[in-house]
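Structural characterization, general
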Amino acid sequence: MFDVKPLALVDLDDNLFQTARKMSETPTHIASRTESGAPSGYMTVMQKQFITWLMNNAYVIPVTARSIEAFSRVEIPFSGAAVCSHGGVILSADRQPDAQWQAQMKEVLAPYQDRFQILSEQAIEIGREMGHSLRSWVVEELSTSFYVVTKHNNATDQALVDLLWEIKKRGLISDLDVHINGNNLAFLPKELNKRFAVQEIIKRDKEMNGARPILGFGDSLSDLGFMSECLFWGTPSNSQITRAIMEKVHG
């Protein structure tokens, strides 16, 4: 029997929840925790109502840049498959990595393996030259390096904008995709994209359940790739996507 519920593909951070500093209301509903167990992400009242409604009426699949470990610290009770590491990992409902997808990712990302650690160290050093305190690391899963992420330490988000400009100026990332949103700067190979993993998810779902409505929800411009695979998509009113659209429309 085909499942007629919609398939909903949802980004997590800054879409379903965010850090306390980004909230105007008192943080109450814990959505994620740090490695030490302290609260790190919170849902607003409306976000909690939205995801509760969505999970009651659709088959919800998280699509996140979080690693498997970081995703395990999200306390929203997702029960189906999940996409992690910007599309580098597909997890089954019992949280086991999909072996077929993992083998494919390992093959296409092989040329980048040695380079990522060097780029991470270069980002910190260039930031230091510019007077910024940064932290940077390589996101690695299942013996495969996926991408580099860089954040600032107690500075403004402009620090990452300045860093990106300088790294581009030095020609270090001409063949990589860049994602920047708030205190998050990521350097990704073009072969790694949430969209590719979502295409695989949709293909498998159609084979099992036939055609059904597909909904997508995300906040950053990098989410538009997977959201474009959906029949309908939505974004928070204060998201990077919304700001870009409003700037384009109104100038």
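Up top is the structure.
Residues numbered from 1 in each chain as written. Predicted model: local features only at pLDDT ≥ 70, side-chain atom pairs only at ≥ 80, totals over all residues. Heavy atoms only, no water.

1. Some words on the pattern of salt bridges
We count it as follows: Each salt bridge in this description consists of a side-chain nitrogen of Lys or Arg and a carboxyl oxygen of Asp or Glu lying within 4 Å of one another. Numbering of helices and strands runs from the N terminus; a helix is a DSSP stretch of H or I covering at least four residues, while a strand is a stretch of E covering at least two. To sort residues, take the accessible area from a 1.4 Å probe on protein chains only and compare it with the maximum for the residue type: under 20% means buried, over 50% means exposed, and anything in between is partly exposed.
For the structure on display, the rule yields 15 salt bridges. In this structure, K194 and D11 form a salt bridge, with 3.0 Å as the shortest nitrogen-oxygen distance. Here K194 is found in helix α6 (residues 194-209), whereas its partner D11 is found in the loop between β1 (7-10) and β2 (29-33), with 183 residues between them in sequence. When its relative accessible area of 5% is taken as the criterion, D11 is described as buried. When the shortest N-O distance is used, the salt bridge between E166 and R170 registers 2.8 Å.

2. Structural notes on the pairing of β1
For a regular strand, side-chain orientation follows a simple rule: the groups alternate between the two sheet faces. Rule in force here: Pairs of strands are assigned from DSSP output, requiring at least two bridges between the strands.
Burial of the side chains of β1 extends over both faces: L7 and L9 are buried on one face and A8 and V10 on the other. For β1 and strand β4 (residues 59-62), the ladder comprises 4 bridges, and the chain directions are parallel. When the sheet's bridge partners are listed, L9 is paired in β4 with I61. Two elements, β1 and strand β11 (residues 214-217), share 4 bridges in a ladder whose sense is parallel. The partner of A8 across the bridge, within β11, is L215.

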